[in-house]
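Below, each chain spelled out in residue letters.
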Amino acid sequence: MHAAVATGVDAPLSLVERDVPTPGPGEVLVRMTACGVCFTDLNLLRGHFPFARFPVVPGHEITGVVEAVGEQVTFPTVGTAVGAQFLGDSCGHCDYCVRGDQILCPAKRITGVVMDGGYAEYAVLKAGFVTPLPAGLDPVAAAPLMCAGITAFNGLRQAGTRPESRVAVIGSGGIGALAIRYATAMGARVAVLGHSRRVEEQVLSLGAERFIVSSEQDPAAALKDWDGGANVILNAAPTTAAAAAAFGGLAPDGTLVLCGYDNTPLSLPSQPMVLNRLHVMANPSGSPHDLRDTLAFSAVHGILPEINRIALDQAPTTLAAMASGTARGRNVIVF
C-alpha cells in the first residue's frame, strides 16, 4: 500500500510503500475512502506533541470501509462504512472510560500521533473507536466531520446551547463554519467575529444574523449590544487572544468555549467572572458516542463542509501551504 509517513519533528513527510497491515484482536482493517488534512497533522510535524511516536502515519479525519476484522470482533462487520477520529484508543477501565468519557482517559491514544492514521491506503484501528457512517452521508465530504465537526458540535452542546441561545463564533474556517451551521440548526441565534469583511457574505449565508469585524470595533462591546451579550462564545480561531478580547461580550451565566488556541496564556478579569457567574471551558474533540451524535445530526440537517479533493502525494505540499498561511478550505485526501 501507499502511505505518507512522518519521520520526525521538522522533517518532511515521506511517501513510501508498505505491506498492508493485519488486524489483531479487537482491531479492524479499514480501506481508506478519504482522510482530511488537519492543523493537528501540521502541529505533529512542528513538534507540538512531545508524546508523539515516530515514525507514524498522520491523519485522524478518516472515512473508509472495513476490509477485515481481527479476533473477538463482532462489530463492525466487513463491508461497513465507518469513520474514525482523533481519539484512537483508551484504557477501557478508568472512571472516565466506564462513564463514556474516553476522550478524558489519562491513557488515551491519539490516531495519527501515537498510532498510524489515515494518510495511507489502509489502517488498522481499534474496533470500539470506529463509528458507522449514517446512510446517505457522503464519505468524502464527511471526513472533516471526524475532527472539525465533532469539535464544533460537541463544544456547542457541552456549553449548553439551546434554541434561542445567542452564540458568537470567532473565526469562520473549518471549525467555525461548521459551528455556525450546527448552532443555527440547533435553533440558536448566531453572530460571527472576523478580522475583515472579506467573509461577511459567506457567514451570513451560513445562517449568522450579524457579522462583527474585530478590527473595526471592540468585539466585547459589539456583543454586549447584541441583546445583552452572547450566551456562548465559541473560539474557532487559532489564537487565544481573540477569545480573551471577546470574553467581555458574554451575558451573565455565559460560557466561553476554547476550540482554537495558541501557546499564549488566557488572561481574564476575575471580578466580572465572579459577579456574572461566567464559565470557561475547552473541548478536546469527543468520545465515540459524541462522534455518533455528530454524524447523525449532520446527516439529518444536511451539514457537510466544502472541501478540496487532493491525492495522497499532494499531502506534503498541502501541509506546507497550511504552514505558510496560503492554504484555502478543507483539504481531503481521496483514495
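Residues numbered from 1 in each chain as written. Predicted model: local features only at pLDDT ≥ 70, side-chain atom pairs only at ≥ 80, totals over all residues. Heavy atoms only, no water.

The condition is simple: UniProt positions are given in the numbering used here, feature names are shortened, and annotations may be inferred rather than shown by experiment.
The name recorded for the protein chain in an unreviewed UniProt entry is alcohol dehydrogenase, from Micromonospora parastrephiae. The record in UniProt for the protein chain states the following under Sequence similarities (unreviewed entry): "Belongs to the zinc-containing alcohol dehydrogenase family." UniProt annotates the protein chain under Cofactor (unreviewed entry) with the comment "Zn(2+)".

Side note on the pattern of salt bridges
Counted only if it meets this: Whenever Lys or Arg places a side-chain nitrogen within 4 Å of a carboxyl oxygen from Asp or Glu, that contact is recorded as a salt bridge. Strands are runs of DSSP state E lasting at least two residues, helices are runs of H or I lasting at least four, and both sets are numbered from the N terminus onward. Note on classification: 1.4 Å probe, protein chains only; a residue is buried when its accessible area is under 20% of the maximum for its type, exposed when over 50%, partly exposed between these limits.
Under the defined criterion, the tally for this structure stands at 14 salt bridges. Residue Glu-67 pairs with Arg-31 through a salt bridge whose shortest N-O separation is 3.0 Å. With Glu-67 in strand 4 (residues 61–69) and Arg-31 in strand 3 (residues 27–36), the pair connects residues that are 36 residues apart, well separated along the chain. Since its relative accessible area comes to 35%, Glu-67 is described here as partly exposed. By relative accessible area, Arg-31 is classed as partly exposed at 35%. Among the ionic pairs, Glu-61 bridges to Arg-330, the shortest N-O distance being 2.5 Å. One end of the pair, Glu-61, is in strand 4; the other, Arg-330, is in strand 17 (residues 330–334), and 269 residues separate them in sequence. In terms of burial, Glu-61 and Arg-330 fall into one category: buried. Here the salt bridges share partners, and the residues they tie into one network are Arg-18, Arg-53 and Asp-116.

What to know about the packing of helix 3 (residues 148–158) against helix 9 (residues 288–301)
Counted only if it meets this: Here the axes come from fitting lines to C-alpha atoms, over the contacting stretch only for helices, and the angles between their N-to-C directions go from 0 to 180 degrees. What sets the label is the angle itself: under 35 degrees gives roughly parallel, over 145 gives roughly antiparallel, 65 to 115 gives roughly perpendicular, and the rest give oblique. Contacts: residue pairs with any heavy atoms within 4.5 Å of one another. The classification used treats Ala, Val, Leu, Ile, Met, Phe, Trp, Tyr, Cys and Pro as nonpolar, Asp, Glu, Lys and Arg as charged, and all other residues, Gly among them, as polar.
Contact geometry of helix 3 with helix 9 gives a least axis separation of 9 Å together with a crossing angle of 100 degrees. The orientation of helix 3 with respect to helix 9, classified from their angle, is roughly perpendicular. Every residue of helix 9 that contacts helix 3 at Gly-149, Ile-150, Phe-153, Asn-154 and Arg-157 is listed here: His-289, Asp-290, Leu-291, Asp-293, Thr-294 and Phe-297. For the contact of helix 3 with helix 9, the residue count by class is four nonpolar, four polar and three charged.

Points about the UniProt feature "domain: Enoyl reductase (ER)" (unreviewed entry) in the protein chain
Here the UniProt feature "domain: Enoyl reductase (ER)" (unreviewed entry) sits at residues 8–333. Between the C-alpha atoms that bound residues 8–333 there is a distance of 21 Å. The span itself is 26% helix and 25% strand.

Brief notes about helix 9
Note the cut-off: A helix is expected to span 1.5 Å multiplied by its residue count minus one.
With 14 residues, helix 9 should reach 20 Å at 1.5 Å per residue; the first-to-last C-alpha distance of 20 Å fits that figure. Buried within helix 9 are the following residues: Pro-288, Asp-290, Leu-291, Thr-294, Leu-295, Phe-297 and Ser-298. Where the residues of helix 9 are buried, they touch strand 5 (81–84), strand 6 (87–89), strand 9 (130–132), helix 3 and helix 4 (174–185). Directly beyond the C-terminal end of helix 9, a positive phi value near 65 degrees is found at Gly-302.

Quick notes on the sheet that holds strand 14 (residues 250–258)
Convention followed: Strands are treated as partners if at least two bridges between them are detected by DSSP.
The six strands lie next to each other as 12-11-10-13-14-15, forming an open sheet whose pairing is parallel. With one partner strand each, in any of the chains shown, strand 12 (210–213) and strand 15 (279–282) form the two edges of the open sheet. Strand-to-strand, the axes of this sheet are offset by a mean angle of 20 degrees, without reference to chain direction. Relative to strand 15, strand 14 runs parallel, the two sharing four bridges.

A look at empty space enclosed by the protein
Defined as follows: Cavities and pockets were defined on a 1 Å grid built from protein atoms only: a cavity is a group of points that admits a 1.4 Å probe but offers it no way out, a pocket is an open group of points flanked by protein on both sides within 12 Å along at least five of seven lines, and a lining residue is one with an atom within 4 Å of any such point. Grid points are joined across faces, edges and corners, and a volume is the space filled by probe spheres set on the points.
Under the defined criterion, the tally for this structure stands at one cavity of 30 Å³ or more. Surrounding the largest cavity, Ala-84, Gln-85, Leu-87, Gly-88, Thr-111, Met-115, Leu-125, Lys-126 and Phe-129 form its lining. Residue assignment for the lining of the largest cavity shows that the elements contributing at least two residues are strand 6 and strand 8 (122–126). Taken together, the residues that form the lining of the largest cavity break down as five nonpolar, three polar and one charged.

A word on the environment of Pro-25
Of note, Pro-25 is situated in the loop between strand 2 (14–17) and strand 3. C-alpha separation for the pair Pro-25 and Gly-160, spaced 135 residues apart in sequence, amounts to 39 Å. What Pro-25 contacts, discounting residues up to four positions off in sequence, is Glu-71 and Gln-72.

So, the state of the cysteines
Using the following cut-off: The term disulfide is used for any two cysteine sulfur atoms that are within 2.5 Å.
Summed over the entire model, instances satisfying the criterion amount to zero disulfides. Considering cysteine sulfurs only, Cys-147 is the nearest to Cys-259, which forms no disulfide, with 10 Å between them. Using a relative accessible area of 11% as the deciding quantity, one classes Cys-259 as buried.

A few points about the environment of Val-66
Mapped onto the elements, Val-66 comes out in strand 4. Separated by 57 residues in sequence, Val-66 and Ala-123 place their C-alpha atoms 9.7 Å apart. Once residues within four sequence positions are removed from consideration, Val-66 is found in contact with Val-28, Leu-29, Val-30, Pro-76, Thr-77, Val-78, Gly-79, Thr-80 and Val-82.

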